[in-house]
Amino acid sequence: MQRRNRVTGIQEDGMPPRGTPTARQGRLGTELRRLREAAGLVSRDVAAWLGTSQAQISNIESGKHGISEERLRRLTDHYACDDTRLIEALVDMANERDKGWWEEYRGVLAPKALDLAELEHHASHVRTFQVVHIPGVLQTEEHVRAALSFVEPGTPADLCEARVMFRIRRQRVLDSGTPYDVIIHEAALRMRVGGSKVARAQLQHLLQASERESVTLRVIPFAAEGFAGAGLAVQYVGGVVPHLDTVQIDTPHGAEFIDAPAQLHRYRAKLERVDSAALPQDASLDLIRRIAQEL
């Protein structure tokens, strides 16, 4: 349990900083830094106002040290932030103590994989567009195993099993009823990952997922004219307020997260263009059925 200074309300200097802050812890610090900078204040002056060190402010803003609700509210007031919804969202982030299911995998899987599960768990909505992959949350266990064995064939059996189960457990976001808006290019639907039988079962799984009230599933067909977004694969994770939205993209080195306001605006615009190229859901499901019959 973290010890906090009774006067400053922040983690004491003698306490070691977090080695690897979670995505939520890091985002809380980032938003406090942005509010400070928007107020035209430097960390040295804020530290003096709080009665702490500049290094402590740096650790708070990097997510390496926590901060109490009382001190957070005083800071946001000092920064002249009048966005009540944002302040309450930051307070919720600062007060979080319970560990999510993904923490069982800490030290086993990459931290950014855990960060993705954490983001999905707290999402108000999710929008995803994939060109050559089925979204991870909608993959069958057989599809996951086939994909992972192809990408990393030499992975030890226990680690491979952990990765498979982790991806399957991420599907809890669907059980929570979080609105999940999916657009998949026809190319991904025709990939025979694991062979025809596994690929056919995967398409049937997509059709079943589309029956959930929270899931919207649409397809961009090869026949779509003017579509030039083949290089864009993205997951847009909505925060409890738009200010806390996050974009997640896959890279050869793992997941990357983008939360700069200007970049979020750009990705929203890109997703709107992708959205305009997709078939309506009924036509999309008909296309998925036809492809499944061809396998």
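Residues numbered from 1 in each chain as written. Predicted model: local features only at pLDDT ≥ 70, side-chain atom pairs only at ≥ 80, totals over all residues. Heavy atoms only, no water.

Summing up its helical and strand segments, the protein has 13 helices and six strands in all. A buried classification covers 48% of the 295 residues belonging to the protein. Carbon and sulfur atoms provide 51% of the accessible area of the protein, an area that totals close to 15100 Å². Averaging the locations of the 38 positively and 40 negatively charged side chains of the protein gives two centres separated by 3 Å. (Helix = DSSP H or I, 4+ residues; strand = E, 2+ residues; numbered from the N terminus. Buried < 20%, exposed > 50% of the residue type's maximum accessible area, 1.4 Å probe, protein only. Areas by Shrake-Rupley, 256 points an atom, 1.4 Å probe, with all protein chains shown as cover. Lys, Arg positive; Asp, Glu negative; His and termini not counted. Charge placed at Lys NZ, Arg CZ, Asp CG, Glu CD.)

On to the environment of Thr84. With respect to the helices and strands, the residue Thr84 is situated in helix 5 (residues 84-95). Taking C-alpha positions, Thr84 is 45 Å from Asp286, a pair spaced 202 residues apart along the chain.

As a further point, take the sheet that holds strand 4 (residues 234-238). Within the open sheet, the six strands sit side by side as 3-2-1-4-5-6. Their pairing is mixed. Whereas interior strands pair on both sides, the edge strands pair on one side only; in this sheet they are strand 3 (215-220) and strand 6 (254-258). Going from strand to strand, the sheet's axes swing by 15 degrees on average, the running direction of each strand aside. Note that strand 2 (residues 180-185) and strand 3 share six bridges and pair parallel. Each residue of the ladder has a partner; that of Tyr180, found in strand 3, is Val215. (Pairing = 2+ DSSP bridges. Axes fitted to C-alpha atoms, helices over the stretch in contact; angles between N-to-C directions.)

Let's shift gears to the packing of aromatic side chains. Within this structure, the stated rule accounts for five aromatic pairs. With a centroid separation of 5.1 Å and 75 degrees between ring planes, the pair formed by Tyr105 and Phe166 is classed as edge-to-face. Taken as a pair, Tyr105 in the loop between helix 5 and helix 6 (111-122) and Phe166 in helix 8 (residues 157-169) lie far apart in primary sequence, 61 residues in all. An aromatic cluster of three or more residues is present, and its members are Trp101, Trp102, Tyr105 and Phe166. The side chain of Lys270 reaches across the aromatic face of Tyr267, ending 4.9 Å from its centre. (Phe/Tyr/Trp six-rings, centres within 6.5 Å; stacked < 30°, edge-to-face > 60°. Lys NZ or Arg CZ within 6 Å of the ring centre and 35° of its normal.)

Just geometry here; none of it tells us what the structure is for.
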